[in-house]
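# Architecture at a glance
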Amino acid sequence: MKKEKSKGWLEFRQNAPAMMKSGVRRAGGWLGRSFGMEPGKVAQIFKNGLVLQNPTLVLLLGMCSTLAVTTSLKNAVCMGLSTTAVLLCSNLVISLLRHWIPKQIRIACYVVVVASFVTIVDLLLQAYLPALSESLGIFIPLIVVNCIILARAEAFASKHTPGYAAMDGLAMGLGFTASLSILGVVRELLGSGTLWGVSVLGEGFQPMLLVVAPCGGFIVLGCVIAAAQWARSLAERRGKT
Amino acid sequence: MSVTQLFALALSAILAENFVLVKFLGICPFLGVSKKTDTAVGMGLAVTFVMGLGSMFTWVVNTFLLVPLGLQYMQTVSYILVIAALVQVVEMFLRRALPALYSALGIYLPLITTNCAVLGVALLNTQKHFNFVLSAAYGVLAGLGFTLAIVLFSTIRERLEFSKPPKAFEGFPIALVTAGLLAMAFMGFSGLKVW
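Residues numbered from 1 in each chain as written. Chains lettered and ligands numbered in written order. Predicted model: local features only at pLDDT ≥ 70, side-chain atom pairs only at ≥ 80, totals over all residues. Heavy atoms only, no water.

## A look at the overall build of chain A
Let me state the cut-off plainly: Helix numbers and strand numbers start at the N terminus; a helix is a DSSP run of H or I with at least 4 residues, a strand a run of E with at least 2. Note that the radius of gyration is over C-alpha atoms, with the globule rule given as 2.2 Å times the number of residues to the power 0.38. For each residue, the accessible area found with a 1.4 Å probe, counting protein chains only, is set against the maximum for its type, and the residue is called buried under 20%, exposed over 50%, and partly exposed in between. Between two residues, a contact is recorded if the distance between any of their heavy atoms is within 4.5 Å. Accessible surface area values rest on a Shrake-Rupley calculation with a 1.4 Å probe, where residue burial reflects the displayed protein chains alone. For the purpose of counting charges, residues Lys and Arg are taken to be positive, whereas Asp and Glu are taken to be negative. His and the chain ends are not included. Where a charge lies is defined by one atom per residue type, namely NZ (Lys), CZ (Arg), CG (Asp) and CD (Glu).
Looking only at helices and strands, chain A has 10 helices and 2 strands in total. Taken from the N to the C terminus, the helices and strands of chain A come in the order α-α-α-α-α-α-α-α-β-β-α-α. Relative to the 2.2 N^0.38 estimate, which gives 18 Å for 241 residues, the radius of gyration of chain A is 24 Å and therefore markedly larger than a compact globule would have. Referenced to the eigenvectors of the C-alpha coordinate spread, the extents of chain A come out at roughly 95 × 55 × 35 Å. Relative to its 241 residues, chain A shows a buried fraction of 43%. Within chain A, counting contacts between residues at least 6 apart in sequence, those at least 24 apart form 75% of the total. Roughly 12,800 Å² of accessible area belongs to chain A as shown, and the carbon and sulfur atoms make up 67% of that amount. In chain A, 22 positive and 10 negative side-chain charges are present, and the distance between their average locations comes to 13 Å.

## Topic: the packing of helix H4 (residues 75-97) of chain B against helix H6 (residues 116-127) of chain B
Residues and elements named next belong to chain B. This is how it is decided: Only the stretch in contact is used when fitting a helix axis, every axis being a line fitted to C-alpha atoms; angles between N-to-C directions are given from 0 to 180 degrees. Between 65 and 115 degrees an angle is taken as roughly perpendicular, under 35 as roughly parallel, over 145 as roughly antiparallel, and anywhere else as oblique. Left-handed describes a crossing whose near helix is turned anticlockwise from the far helix through less than a right angle; right-handed describes the clockwise counterpart. Ten residues, namely Ala, Val, Leu, Ile, Met, Phe, Trp, Tyr, Cys and Pro, are considered nonpolar, four, namely Asp, Glu, Lys and Arg, are considered charged, and the remaining ones, Gly among them, are considered polar.
Orientation of H4 relative to H6, taken along the N-to-C sense of each, is 130 degrees, at an axis distance of 10 Å. It follows that H4 is oblique to H6 by the angle criterion. At the point where H4 passes H6, the crossing takes the right-handed sense. Where H4 approaches H6, its residues Gln75, Tyr79, Ile80 and Ile83 are matched on the opposing element by Val118, Leu119, Ala122, Leu123 and Thr126. In the contact of H4 with H6, the residues fall into 7 nonpolar, 2 polar and no charged.

## What to know about the environment of B:Gly120
Within the secondary structure, B:Gly120 is located in helix H6. Residue class for B:Gly120 comes out buried when judged on its relative accessible area of 0%. Spatially, the C-alpha atoms of B:Gly120 and B:Phe19 are 9.2 Å apart, while their sequence positions differ by 101 residues. In this structure B:Gly120 touches A:Ile138 and A:Leu142, once residues within four positions along its chain are discounted.

## Some points on the pattern of salt bridges
Pairing between side chains of opposite charge can happen when their charged atoms approach one another. Just so we agree on the cut-off: One speaks of a salt bridge when a side-chain nitrogen belonging to Lys or Arg is within 4 Å of a carboxyl oxygen belonging to Asp or Glu.
Considering all chains together, one arrives at 3 salt bridges over all chains under this definition. A salt bridge links A:Glu154 to A:Arg106; the shortest N-O distance between them is 2.9 Å. Of the two residues, A:Glu154 sits in helix H7 (residues 147-157) while A:Arg106 sits in helix H5 (residues 106-128), which places them 48 residues apart along the sequence. Measuring nitrogen to oxygen at the nearest pair gives 3.2 Å for the salt bridge that ties B:Glu17 to B:Lys23.

## Some thoughts on empty space enclosed by the protein
Leftover empty space is mapped by rolling, across the atoms, a probe with the size of a water molecule. For clarity, the cut-off: Both cavities and pockets are sets of points on a 1 Å grid over the protein atoms alone; in a cavity a 1.4 Å probe fits but cannot get out, in a pocket the set is open with protein on both sides within 12 Å along at least five of seven lines, and lining residues sit with an atom within 4 Å of a point. Grid points are joined across faces, edges and corners, and a volume is the space filled by probe spheres set on the points.
Counted according to the given criterion, the structure contains 1 cavity of 30 Å³ or more. By volume, the largest cavity is sized at about 70 Å³. Taken together, A:Gly62, A:Met63, A:Cys64, A:Ser65, A:Met79, A:Phe139, A:Leu142, A:Ile143, A:Val145, A:Asn146, A:Cys147 and B:Cys116 make up the lining of the largest cavity. No other element matches helix H3 (residues 63-69) of chain A, which puts 3 residues into the lining of the largest cavity. Of the residues assigned to the lining of the largest cavity, the class counts are 9 nonpolar, 3 polar and no charged.

## Details of the side chain of A:Ser95
All names here are of chain A. Turning to its location among the elements, Ser95 is positioned in helix H4 (residues 73-96). Take Ser95: its relative accessible area is 0%, and that puts it in the buried class. For Ser95, the contacting residues outside a window of four places in its chain are Ala157, His160, Thr161, Pro162 and Ala165.

## A closer look at the packing of H4(A) against H5(A)
Residues and elements named next belong to chain A. It is the contact of H4 with H5, at a shortest axis distance of 9 Å, that shows an interaxial angle of 140 degrees. Judged by the inter-axis angle, H4 sits oblique to H5. Classified by chirality, the crossing of H5 by H4 is right-handed. Side by side, H4 and H5 meet where Cys78, Ser82, Val86, Cys89, Ser90, Val93 and Ile94 of the first sit next to Tyr110, Val113, Val114, Phe117, Val118, Val121 and Leu125 of the second. Partitioned by chemical class, the residues of the contact of H4 with H5 number 12 nonpolar, 2 polar and no charged.

## What about H5(A)?
The condition is simple: A helix is expected to reach a length of 1.5 Å times the quantity of its residues less one.
Taking 1.5 Å of rise per residue, the 23 residues of H5(A) would be expected to cover 33 Å, and the 33 Å separating its terminal C-alpha atoms lies within 8% of that figure. Looking only at H5(A), the buried set comprises A:Tyr110, A:Val111, A:Val113, A:Val114, A:Ala115, A:Val118, A:Thr119, A:Val121, A:Asp122 and A:Leu125. Where H5(A) is buried, its residues meet H4, helix H6 (130-136) and H7 of chain A together with H4 of chain B.

## Section: the UniProt feature "transmembrane region" (unreviewed entry) in chain B
Convention followed: UniProt positions are given in the numbering used here, feature names are shortened, and annotations may be inferred rather than shown by experiment.
UniProt records the feature "transmembrane region" (unreviewed entry) for residues 6-28, 40-61, 73-94, 101-124, 136-156 and 168-189 of chain B in the present numbering. Along residues 6-28 of chain B, the helical share is 57% and the strand share 0%, with 29 Å between the first and last C-alpha atoms.

## Details of the layout of surface pockets
Its boundaries defined by the atoms lining it, the second largest pocket holds a volume of some 420 Å³. Looking at the second largest pocket, it is lined by 18 residues, and the ones nearest its centre are A:Asp122, A:Gln126, A:Pro141, B:Gln75 and B:Gln127. Sort the elements by how many residues they give to the lining of the second largest pocket and H5(A) lands first, with 4 residues. When the residues that make up the lining of the second largest pocket are grouped by side-chain class, the tally is 6 nonpolar, 10 polar and 2 charged.

## A few points about the interface of chain B and chain A
Going by this rule: Put simply, buried area is how much 1.4 Å-probe accessible surface two parts lose in total, over both of them, once they are put together. Whenever two N or O atoms come within 3.5 Å, that pair is a polar contact, provided that in protein one can donate a hydrogen and the other can accept it, and provided that, for residues adjacent in sequence, both atoms are side-chain atoms.
Each partner contributes residues to the interface: chain B has 37 residues there, and chain A has 33 residues. The junction of chain B with chain A conceals about 3,000 Å² of combined surface from both sides, 87% of it contributed by carbon and sulfur atoms. Among the residues chain B hides against chain A, the three largest losses belong to B:Phe24, B:Thr114 and B:Leu176. Together they make up 21% of the total. Viewed at the interface, chain A and chain B are joined by 0 salt bridges. Along the contact surface separating chain B from chain A lie 0 residue pairs in polar contact (both at pLDDT 80 or more). Listed by contribution, the elements that provide at least two residues to the side of chain B that touches chain A are helix H2 (27-32), H4, H6 and helix H8 (172-187) of chain B. Broken down by element, the residue count for the side of chain B that touches chain A peaks at 9 residues, all from H8(B).

## A closer look at the confidence of the model for chain B
Residue and element names in this part refer to chain B. The following threshold applies: As a per-residue measure, pLDDT tells how confident the predictor is, with possible values from 0 to 100.
When the pLDDT values of chain B are averaged, the result is 85; 95% of them are 70 or greater. Predicted confidence in chain B is weakest over helix H5 (residues 99-105), with a mean pLDDT of 77, and strongest over helix H7 (residues 132-160), with 92. Scoring the predicted complex yields pTM 0.85 and, for the interface, ipTM 0.83.

And the structure:
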């Protein structure tokens, strides 16, 4: 018994270097296949996320948090960056797992992945930025049900390699952050005359409280989307002539 | 729970703190499924049903599973799983029992899972330390508030079809501005905050 075992061990010792080499080569190949990216495609992904398919202004996803947290620029940026972090991580993990997730229960799997990352972000914010976490309230755990994240998981991460999926998460998240910031700037400036908590418009400014109130959120968002549509039609017309 | 307390809760959940127009929960279906009044009513009732059941189940999960085991940090994950399972059950039930409503709701039925209002009411129940009866009542009442908002909005949107807004405002922007005006009307109820 003992002899056989040692024989097997010897064999293993002999083969180990070759096995390790092929293992490394395989891992390298896998890394190359998963994370290899063409710069042109990455640029396209970023252009899509930031402008052409901006999640808030064009795809009209994730409206709840958009409307709720943009009463100040600080909240808007924090919300945007938290969502970006979740989107990046969840897109990466879902893309890595895309061959193992059964089709029928994929949504539930995505939700579990997203919810785990949201919990991490939530706990981190509570620990290091308690004031912000307080003011964002239940909208941090509600990132789980932000349509952008599930939409990108379903439409992009489940069909592309991890590298591209992560880039898409980053681009979409930054696009979301950018549009949240626009709304945050408009609403904070008009609604309280400040920017990032610093008074900008001076003492004499009469704040338009309506803009910070819930109804103002709808109206300002409507106007910003209208401006985006106007800009797009302008660009199309210029492209044609 | 006394009747006055229930009345106060109803006032605050349906009017003064309407989930859609004041708390900004459940905006996606509010904007997405409000083009026709029939589907809006169906969606509202389906969401109310899921919100009521969801409040009860999440309360049970939180009180008997998460709190005794000290796993409160798993709240978000476990709640969303409970809600996803519930929506699946409701979907199967509707397909058997009410195929007409099922096909009318179409893609929006599975989307109830990602309706912030459902998860939101579960999290709010936990935050406010509601007991079982209050949680269930708050879930159903908030769902009724959602139904009220979406039905009102859909009736306005049906008329909007015939109007001619400026080109840039066509489609979503004009709908958002309309929702803003609706929300302004609901602001008037904020004086009703009794409880």
